[in-house]
Amino acid sequence: MNFLDKMERKYGKYAIKNLPAIIVALYAAGYIISALMPELLSYLTLSPYLILHGQVWRVISWVLVPPGSLDLFTIIMLYFYFSLGRTLEYTWGAFRFNVYIFSGIIFTVIGAFLLYFMGGSGYFSTYYINMSIFLAFAITYPDMEVLLYFLIPIKMKWMGVVYGFFIVLSLIQGSWADRISIVMSLLNFLIFFVMSRNLKRYSPKEVHRRNEFKRSVQKVQPKQGTRHKCAVCGRTEKDGDHLEFRYCSKCDGNYEYCQDHLFTHQHIKAK
């Protein structure tokens, strides 16, 4: 069990649900501010100098700054990233998606201060955090096809390669401020997929199989009974809200285990 598994077991109940919708709502608030009080946006940007001089709200208020001018293309892209984020939240679970997004925000703030203490300055936005959502989706759903410009079908993995190429190009051609901004904003992507080396159980196929198993359990068990039961210790969801149950893909048969025995049980093989 890796670090994220342990953190999810302990703090998963505090995860913010529907985070992609909240992100879009924050952008909407930013566009309203931009339309009604455009001068107010200058008080929301991420500025380490001003934060150190008392304007501490800038540590988080910068996420309200819109990623660009409001036009049809921006609306389409926001809906696109919302759809990607919502799918990732469903696939990974709310806790892991929370960790992914909030770590991107934290690393961006750290990057801004790092550049400030190095004597430089730069503009930090949520652009590359949105980019990290796209890259994560491309790895999780590499063979899913989307219509580029609503006409050209292309698989996500190839779009991920193209995006990755332009990111590397920006690192080569950009200034040190640009490089720090890009690297720190995408650090969540690098760390998350290094820490989550075993992504098989978070793949769409595995999620679908677990959901099918849960539905089959509901059919064979009485309504008053339990939905989950650990094949090792016999505990069910009625033994505590903190308990989580998952199906083991390495066992031959439908065997479900609690989080304490999912990675420690002896796999059952058919003779």
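All values reported here derive from a predicted model rather than from experimental measurement.

**Quick look at the pattern of salt bridges**
- According to the stated counting rule, one finds 5 salt bridges in the structure shown.
- Ionic pairing is found between Glu8 and Arg96, a salt bridge with its closest N-O pair at 3.3 Å. Of this pair, Glu8 sits in helix 1 (residues 3-11) while Arg96 sits in helix 6 (residues 94-117), and the two are 88 residues apart along the sequence.
- Since its relative accessible area comes to 1%, Arg96 is described here as buried.
- As a salt-bridge pair, Asp143 and Lys157 come within 3.3 Å of each other at their nearest N and O atoms. Here the residue Asp143 occupies a position in the loop between helix 7 (127-140) and strand 1 (145-148), and Lys157 occupies one in helix 8 (residues 156-173), the gap between them amounting to 14 residues.
- Exposure remark for Asp143: the relative accessible area of 47% places this residue in the partly exposed category.
- Residues participating in the shared-partner salt-bridge network are Glu8, Arg96, Glu244 and Arg246.

**Concerning helix 1**
- By the burial criterion, the buried members of helix 1 are Leu4, Asp5 and Glu8. Down the axis of helix 1, the sector holding all buried residues measures 105 degrees, keeping them to one side. Turned more than 90 degrees away from the buried face of helix 1 sit Phe3 and Lys10, all of them exposed.

**A short note on the packing of aromatic side chains**
- By the definition in use, this model includes 11 aromatic pairs.
- Ring geometry for Tyr116 against Phe117: centres 5.4 Å apart, planes inclined by 65 degrees, an arrangement best described as edge-to-face.
- Given the relative accessible area of 60%, Phe117 is considered exposed.
- Plain terms: the ring middles of Phe134 and Tyr163 are 4.1 Å apart, the flat faces sit at 25 degrees to each other, and that makes the pair stacked. Taken together, the positions of Phe134 in helix 7 and Tyr163 in helix 8 put the pair 29 residues apart, joining distant regions of the chain.
- Among the aromatic residues, ring-to-ring pairing joins Tyr49, Phe113, Tyr116 and Phe117 into one connected group.

**Regarding the state of the cysteines**
- Enumeration over the complete set of coordinates arrives at 0 disulfides.
- Between Cys230, a cysteine without a disulfide, and Cys233, which holds the nearest cysteine sulfur, the sulfur-to-sulfur distance is 3.6 Å.
- Note on Cys230: relative accessible area 3%, which makes it buried.
- A disulfide-free cysteine, Cys251 has its sulfur positioned 3.7 Å from the sulfur of Cys248, the nearest such atom.
- The exposure class assigned to Cys251 is buried, which follows from its relative accessible area of 4%.

Calculation criteria
Residues numbered from 1 in each chain as written. Predicted model: local features only at pLDDT ≥ 70, side-chain atom pairs only at ≥ 80, totals over all residues. Heavy atoms only, no water. Salt bridge = Lys/Arg side-chain N within 4 Å of Asp/Glu carboxyl O. Helix = DSSP H or I, 4+ residues; strand = E, 2+ residues; numbered from the N terminus. Buried < 20%, exposed > 50% of the residue type's maximum accessible area, 1.4 Å probe, protein only. Arc of directions from axis to C-beta. Phe/Tyr/Trp six-rings, centres within 6.5 Å; stacked < 30°, edge-to-face > 60°. Disulfide = S-S within 2.5 Å.

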